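Observations on chain architecture
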Amino acid sequence: MAIDITNHKCPACTGPLHYAGASGMLECDYCGSKYSVEEIEKLYAEDVAEAEEGFEANEIKKEKEKAEFEAMGMEWSEEETKGMKTYSCPSCGAELICDATTAATSCPYCGNPTVIPGQFTGGLKPDLVIPFKLNKEQAIKALENYYKGKVFLPKAFKEHNHIEEIKGVYVPFWLCDCEMEGSAMYKGANTRSWSEGDYDITETTYFNVMREGSLGFEMIPVDASTKMPDAHMDAVEPFDYSELKPFSTAYLPGFLADKYDVSQEASMARISERAENSIKSEMRNTVTGYSMVMTERENFKFNNKGVKYALLPVWMLSTKWNGKNFLFAMNGQTGKLIGDLPVDKGKFWGLFAAIAAPLAIISSLIWILL
Amino acid sequence: MTKKIISIIFAIVLVFGLSVCAYAEEQRFVFDEASILTYDEIEELNAKAKEITETYGCEVYAITFPGLDGNEAWELNEMLYAELKEYYGAGEDVVILMLAMEERQYDIMARGFGNTAFTDYGKDVMAEKFLDDFANDDWYWGFYDYMATCDEFLAMAVNGEPFDVDSDEGGSGLFGIIIAIVISCLIAFAVCSILRAQMKTARIATEAHDYQKELNLTNQYDRFSHRDIKRVYNPPQEDNDNGGTTVNSGGSSHKSGGF
């Protein structure tokens, strides 16, 4: 079988290399040598090209073998192989069984970081990547800090739960340049009141308000992986786009990476919804000088100005407590950490009582005294 | 004007004269000259008024009359009291609720110990209690509420603490405490909810403000459409913040209004 995956190895000692966010270089786990992304790109250009070709050749070969096995009645059922692919580790020869979208992983036998460049060939190749800046230890520390100040967090959760899994993932994102244009009609009103004799008079003056225009957007991100929960990926935003770099597989060793499995077209609905909500609130903010504003009609059109395919760094941390999984995500570039925590109902109602009881006593006393 | 007064006095004399004849054997406290109550209702209300009168030594009257005939409600009530005194032996310590049906006007008049028991604020509170019944033509329950309030206020006055602005009803005090507790609970729940919201930070983004450029407005206008003017009648409020009872030169205090 042709080689379809690549291990980035240290040119000095052949130890596995991984990308280190702190130095921005690929570092050897064994001898500590450091190499720039450009150096590794040059060194491994041939291997990557070979793996890309091998990936295509193997795809054809695997299809052929599958047909042969099917004819012999030995093939796995389609349900069993659905969404899975097999590769051979170039370091130890072990068979790696991965999701169909896996683009970077590590061998479970020898631990070598492996990249599957074939997942990024042709139209599947990402345009851009933001390299990981924060490492695993920083992600764990961030999670510990995240627990602090959460008054309703069960004590046992902090003490007894442990991180089940932590993985750095280059998540596929679509970054969409777009523009919303259109118009909105509002009814503005101003009210003034005064008294004349025994009559209270209220005068309300109404205005027809119109706004027309456009609002441009630069690289609205939307995650293109069905494996990643949308709420978690949206909540770790924003990324600092000034650190976007042209894509290179040299950023991948040491991390997981997936290719997209949600198409651009399928992602447009979420992007246009966000853009539309933004222009609605921006236009509404221009309607000032009224005590009351009612929106009467809004009509906006979405213009897609171009989409880029990017891999963005996210640390995924999962913990288990009381048989329930808790998933956290940390922006691998900015360190923003999000995730849902359990609520201790006893603490919730305890604090409720601690606030409500003295307030009720004080306000009742004030009422009685006044 | 003089003619009118004479005619109304004549009517009053006739009314009370007939009443005296009809009920010569016992003192009456309810006079339904507008015929809006049934016989049983009159008897029940009369029994209650009598009981209150005997308990506190302050006479409690309820009178319905066909119309004001050009007088103010308080004027008619004073005339009615004069006739009650003349023909019926009404005392100096009284409270009278009079309804003029044609104009749908009422007047509460108090004298003597009535002035002590029914302060200006007390009369306002009393009116609130019966006005909703009278507004619905529920005459019996309106008078029933009036008498129940008389009972309550006279009891307080006899105990030396007449109902006034600084001695609000027990019910209102309890209501205030309940409101205070409810508001405290709402504040506590709002604080706890804000803290609980911090436990859930994974949310779908609904806007894209981080990625937007400047809004480019190509066309805009703000045009006058129309103007609405609403006039709401706001009758002058009697200032009774200081408590007490406002007594006129004739020794009576009044509270009048529509129902």
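Residues numbered from 1 in each chain as written. Chains lettered and ligands numbered in written order. Predicted model: local features only at pLDDT ≥ 70, side-chain atom pairs only at ≥ 80, totals over all residues. Heavy atoms only, no water.

Secondary structure summary: chain B contains seven helices and six strands in total. In sequence order, chain B lays out its α and β elements as α-β-α-β-α-β-β-α-α-α-α-β-β. Once local pairs closer than 6 in sequence are excluded, the contacts in chain B between residues at least 24 apart make up 73%. Summing over all exposed atoms, chain B offers an accessible surface of approximately 13500 Å²; the carbon and sulfur share of this is 53%. (Helix = DSSP H or I, 4+ residues; strand = E, 2+ residues; numbered from the N terminus. Contact = heavy atoms within 4.5 Å. Areas by Shrake-Rupley, 256 points an atom, 1.4 Å probe, with all protein chains shown as cover.)

We now examine the overall build of chain A. In terms of helices and strands, chain A carries seven helices and 16 strands. Expressed as a percentage of the 370 residues in chain A, the buried residues total 48%. Taking the intrachain contacts of chain A between residues at least 6 apart in sequence as the baseline, contacts between residues at least 24 apart amount to 73%. (Buried < 20%, exposed > 50% of the residue type's maximum accessible area, 1.4 Å probe, protein only.)

A separate point is the packing of helix H5 (residues 120-135) of chain B against helix H6 (residues 139-158) of chain B. Residue and element names in this part refer to chain B. H6 packs onto H5 with a crossing angle of 160 degrees between their chain directions and a minimal axis gap of 7 Å. In terms of orientation, H5 lies roughly antiparallel with respect to H6. Helix-helix and strand crossings are classified by hand; for H5 and H6 the assignment is right-handed. Residue-level contacts link Gly122, Val125, Met126, Lys129, Phe130, Asp133 and Phe134 of H5 to Trp139, Trp141, Gly142, Phe143, Asp145, Tyr146, Thr149, Cys150 and Phe153 of H6. (Axes fitted to C-alpha atoms, helices over the stretch in contact; angles between N-to-C directions. Parallel < 35°, antiparallel > 145°, perpendicular 65-115°, else oblique. Left-handed = near helix turned anticlockwise from the far one by under 90°.)

Now for the nonpolar core. Counting 98 residues, the largest nonpolar core has Tyr170(A), Leu175(A), Leu252(A), Trp315(A) and Phe328(A) as its most contacted members. Ignoring any residue separated from it by four or fewer positions in sequence, one finds Leu175(A) in contact with Leu128(A), Met219(A), Ile220(A), Pro221(A), Tyr241(A), Leu244(A), Gly306(A), Val307(A), Lys308(A), Ala310(A) and Leu312(A). If you look at the next biggest cluster of nonpolar residues, it comprises 54 residues, including Ile52(B), Leu97(B), Tyr121(B) and Leu154(B). (Core = buried A, V, L, I, M, F, W, Y, C linked by side-chain atoms within 4.5 Å.)

Before going further, it helps to spend a moment on the layout of surface pockets. Residues and elements named next belong to chain A. By volume, the second largest pocket amounts to about 500 Å³. Lining of the second largest pocket is provided by 26 residues; of these, His18, Lys136, Gly254, Phe255 and Trp315 occupy positions nearest its centre. Among the elements of the structure, strand S2 (17-20), strand S7 (102-106), helix H3 (136-147) and strand S10 (162-196) are those that each provide at least two residues to the lining of the second largest pocket. Built from parts of two domains, the lining of the second largest pocket gets at least three residues from each of domain 1 (6-125) and domain 2 (136-339). (1 Å grid on protein atoms, 1.4 Å probe; cavity = no way out; pocket = protein on both sides within 12 Å on 5 of 7 lines; lining within 4 Å. Points joined across faces, edges and corners; volume = space filled by probe spheres on them. Domains from an automatic or database assignment.)

Now for the interface of chain A and chain B. Chain A puts 70 residues into the contact, and the matching count from chain B is 55 residues. Taking both sides of the interface into account, the surface hidden between chain A and chain B amounts to around 5400 Å²; carbon and sulfur atoms contribute 60%. If you look at where chain A meets chain B, you find three salt bridges. Between Glu196(A) and Arg231(B) there is a salt bridge, with its nearest N and O atoms 3.6 Å apart. Counting the contacts that link chain A with chain B gives 30 residue pairs in polar contact (both at pLDDT 80 or more). Of all the secondary structure elements, the ones that give two or more residues to the side of chain A that touches chain B are S10, strand S11 (199-223), helix H5 (230-235), helix H6 (264-285), strand S16 (337-339) and helix H7 (345-369) of chain A. Per-element tally for the side of chain A that touches chain B: the top contributor is S11(A), with 23 residues. Tallied by class, the residues present in the side of chain A that touches chain B amount to 38 nonpolar, 15 polar and 17 charged. Pairing analysis gives 18 bridges linking S11(A) to strand S5 (residues 212-233) of chain B, with the strands arranged antiparallel. Each bridged residue has a counterpart across the sheet, and for Phe207(A) the counterpart in S5(B) is Phe224(B). (Buried area = accessible area lost by both parts, 1.4 Å probe. Salt bridge = Lys/Arg side-chain N within 4 Å of Asp/Glu carboxyl O. Polar contact = N/O pair within 3.5 Å; in protein donor to acceptor, adjacent residues only side chain to side chain. Nonpolar A, V, L, I, M, F, W, Y, C, P; charged D, E, K, R; others polar. Pairing = 2+ DSSP bridges.)

With respect to the element layout, Phe217(A) can be found in strand S11. Given the relative accessible area of 1%, Phe217(A) is considered buried. When the C-alpha atoms of Phe217(A) and Asn304(A) are compared, they prove to be 9.8 Å apart, with 87 residues separating the residues in sequence. What Phe217(A) contacts, discounting residues up to four positions off in sequence, is Cys176(A), Asp177(A), Cys178(A), Met180(A), Ala275(A), Ser278(A), Ala208(B), Tyr211(B) and Gln212(B).

As enumerated under the stated definition, the model contains 20 salt bridges over all chains in all. Between Glu27(A) and Lys34(A) there is a salt bridge whose closest N-O contact spans 3.8 Å. Two residues, Lys85(B) and Glu92(B), come together in a salt bridge whose shortest N-O distance is 2.7 Å. Under the relative-accessibility criterion, Lys85(B) is labelled partly exposed at 39%. Take Glu92(B): its relative accessible area is 37%, and that puts it in the partly exposed class.

On to the sheet that holds S2(A). Residue and element names in this part refer to chain A. Taken together, the three strands give an open sheet; going across it, the order is S2-S3-S4, and neighbouring strands pair in antiparallel fashion. Because the sheet does not close on itself, it has two edges, and the strands there are S2 and strand S4 (34-35). Two strands pair when backbone bridges link them, and S2 and strand S3 (residues 25-28) are joined in this way by four bridges, in the antiparallel orientation. Across the sheet, the residue bridging to Tyr19 is Leu26, located in S3.

A word on the sheet that holds strand S3 (residues 94-100) of chain B. Residue and element names in this part refer to chain B. The strand order across the open sheet built from five strands is S1-S2-S3-S4-S6, with neighbouring strands paired in mixed fashion. Two strands close off the open sheet at either side, each with one partner strand: strand S1 (30-32) and strand S6 (252-258). Strand after strand, the sheet turns through a mean of 10 degrees between neighbouring axes, direction not considered. By the bridge criterion, seven bridges tie strand S4 (residues 105-111) to S6 in an arrangement that is antiparallel. Each residue of the ladder has a partner; that of Gln105, found in S6, is Gly258. Contacts between helix H3 (residues 73-88) and the sheet are confined to S1, strand S2 (59-65), S3, S4 and S6, with S4 contributing the most and set at about 50 degrees to the helix.

All names here are of chain B. In this model, chain B carries an average pLDDT of 84, and 85% of its residues clear a pLDDT of 70 or more. For residues 1-7, every residue scores under 50 in pLDDT, and the model assigns this stretch six contacts once sequence neighbours within four places are set aside. Across residues 17-24, where pLDDT falls below 50, the model places seven contacts with residues more than four positions away in sequence or in other chains. (pLDDT = per-residue confidence, 0-100.)

The relative placement of two packed helices comes down to the angle between their axes together with the axis-to-axis distance. Residue and element names in this part refer to chain B. Contact geometry for helix H2 (residues 39-56) and H6: axes closest at 10 Å, N-to-C directions at 5 degrees. Classified by the angle their axes make, H2 and H6 are roughly parallel. On the side of H2, the interface is formed by Glu41, Glu44, Leu45, Lys48, Ala49, Ile52 and Tyr56, while H6 contributes Tyr140, Phe143, Tyr144, Met147, Ala148, Asp151, Leu154, Ala155 and Val158. Of the residues belonging to the contact of H2 with H6, the class tally is twelve nonpolar, no polar and four charged.

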